[in-house]
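Residue-level listing of the chains:
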Amino acid sequence: MIFEGTVHVLGDSIDTDVMIPGRYLSILDPAQIAKHIFEEVDPGFVQRVKPGDILVAGTNFGAGSGREQAPLGLKALGLSCVVAASFSRTFYRMAIDLGLPIITCPEAARAAKQGQQGRVDTAAGEITFDGRLFRTNPLPKFVQEIVDEGGLTNWVRREIQRRRAIPGTTR
Amino acid sequence: MGKTIAEKILERHSLDDAVTIEPGNIVRAWVDLVLLNDANGPVAIRHFQNMGGEAVASPDKLAMVCDHFAPAPNAAAARMLGDMRRFAKEKGIRHFFDAGKGGIEHTLIPEQGLLGPGDLIAGGDSHTGTAGAFGAFGTGMSWAGMAAIMVLDETWFRVPESLRFNLFGAKPAFVTGKDIILKVLQEVGVDGGLYKSIEFGGPAVAAFNIDERMAICNMLVEAGAKTGMVEPDEITAAWAKQHCKRDYVLLKADADARYEARFDIDLSQLRPLVAKPYSPGNVVTVDSIKGVHVDQVYMGNCANGTLTDLRQIASILKGRKIASGTRAIIVPATQKVYLQAVAEGLIEHFVDAGAAVTTPTCGACFGGHNGALDDGEVAVATINRNFKGRAGHAGSQVYLGNSYVAAAAAVAGEIIDPAKL
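Draft legend 1. A look at the overall build of chain A. Helix and strand counts for chain A come out as eight helices and seven strands. The C-alpha atoms of chain A give 17 Å as radius of gyration, which agrees with the globular expectation for 171 residues (16 Å, within 12%). Along the longest, intermediate and shortest principal axes, the C-alpha atoms of chain A span 55 × 40 × 25 Å. Of all 171 residues assigned to chain A, the portion counted as buried reaches 49%. Contacts in chain A between residues at least 24 apart in sequence constitute 67% of all its contacts with a sequence separation of at least 6.

Draft legend 2. Spotlight on the sheet that holds strand E9 (residues 197-201) of chain B. Residue and element names in this part refer to chain B. Pairing is parallel in the open sheet, where four strands are placed in the order E10-E9-E8-E11. Of all strands in the sheet, those with a lone pairing partner are strand E10 (227-230) and strand E11 (261-266), marking the two edges. Going from strand to strand, the sheet's axes swing by 15 degrees on average, the running direction of each strand aside. Relative to E10, E9 runs parallel, the two being bridged by four bridges. Paired with Phe200 across the two strands is Val230, which belongs to E10. Where helix H7 (residues 210-218) meets the sheet, it contacts E9 and E10, and its direction lies at approximately 155 degrees from that of E10.

Draft legend 3. Seen up close, the domain arrangement of chain B. Residues and elements named next belong to chain B. For chain B, the domain assignment lists domain 1 (5-266) and domain 2 (274-420). The centre of domain 1, based on its C-alpha atoms, is set 24 Å off from the matching centre of domain 2. Contact with domain 1, which involves 36 residues of that partner, is made by 36 residues of domain 2. The set of elements that each furnish at least two residues to the side of domain 1 that touches domain 2 consists of helix H4 (105-111), helix H6 (177-188) and H7. Within the side of domain 1 that touches domain 2, the residues separate by chemical class into 14 nonpolar, 13 polar and nine charged.

Parameters at a glance
- Residues numbered from 1 in each chain as written.
- Chains lettered and ligands numbered in written order.
- Predicted model: local features only at pLDDT ≥ 70, side-chain atom pairs only at ≥ 80, totals over all residues.
- Helix = DSSP H or I, 4+ residues; strand = E, 2+ residues; numbered from the N terminus.
- Rg over C-alpha atoms; globule rule 2.2 N^0.38 Å.
- Buried ≥ 20, exposed ≤ 12 C-beta atoms within 10 Å, placed from the backbone.
- Contact = placed C-beta atoms within 7 Å.
- Pairing = 2+ DSSP bridges.
- Axes fitted to C-alpha atoms, helices over the stretch in contact; angles between N-to-C directions.
- Domains from an automatic or database assignment.
- Nonpolar A, V, L, I, M, F, W, Y, C, P; charged D, E, K, R; others polar.

Structure follows, in structure tokens:
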């Protein structure tokens, strides 16, 4: 998949509490969650990002509490993908499972500047900021399979069909 | 080549003989327990339905605990608790714990004997790694991932690299398991354990009982770790014999196991530590920040709401008063811990001192309810995170420390070394 959009740059160890505070964890509607993304630390964020924009962060993005409202809110804001130097592992897995494309590339994450035009090809592992190309590892094959299905829900539905087609299979 | 504890546990749960258990490989595996709470459970239930789930594949492997919003602070939270109740009833989930009947999941599940050494445990909550206190591999995962296990009875794991911490030396007074994990965070930082298993061994692990081991493992995720555990010993074996309802296995690392790095902690050099706002990795000695005024002290949560913690708190509060201008909230982690604290007279000391003692709940730890902070307020808490805005207003500040440090701050009205109270 290829994504093109304006780059928004964030720092290191951006935690999920600043993405979506705990008091909003009883909100499950993605559009409602999106309204509160970064509201304590950057109230203008939700107005600045446009559908298709690309989020670029430093190390340990999505640190702390594992809460699906974080990747779900970013996706509902219309952000097309997240590039980071590294991800918290719960955030990584949640994003993949919810169909929010993310990719790890320390060099690109360090070089990115606010407002640049970005292009991300997740399958090829190629990231371009204002024409400068960075290469990174593609996703592991099994993880790419989930991404190709648009998230874990579709992947599981297909797996259920596969098992039903083989009599006597429970796994 | 030898194996780490995490590698041995994954090997026992692998469904894929063709995949070797080596860091970086992805392995399909079965799990012993899926752990849902009332924050992630209602979302996992929706995923389960969207996936076409009908019956839960292994209903007795699912535990559902109402702790984040229980008792409900508002109607939206009450609806989430209702979702939990309905699903548990409809799917025949035996291990369902409502308000008043359980407590905070990570303390409750071992107390109920629902996990054991050698287990592989997947939870929707990031502090599922607390299970490492019992020699189990616990890890927080995606909520859709929880639903997928409920449907398919299996999941996938990337085999983690491992770090080893060797503990030795005599434990000084007022140093607890909390200080070990704060020392680890000082050592490796908030991303030094990213994707890894952090394992503890050495002669001085015997200085920490099961409750303090839970405090150590609870915050491994604060270093980014996937999981981690205290190497099982006589203390683990005695606990397992008394509590476990299933078969269990005490797995130690091989002498030639591949650890990416090894660290030593000399306990005799440790002093009580505190993590300053706004990062659990911002660790200093309590002495270096003495005198900081404290508006609120919060003692409890899944890291430090055990009977051991309540006894430590009582040893400070007994016969003393909470300082004027400071308020204290004490939250036993489970109903059983609460009852034992009543029997031992600890609760009487707390109430006499002027502390609010509340029912088990995650409440204020995540800024949900039961003690949220306002702009400009400063708190000392025995919880696991002090990110900006986590415990209430973004202008509030939280210092993380052990139960002695917290209780001493409540009495002094400011941060103080408990030895100097």
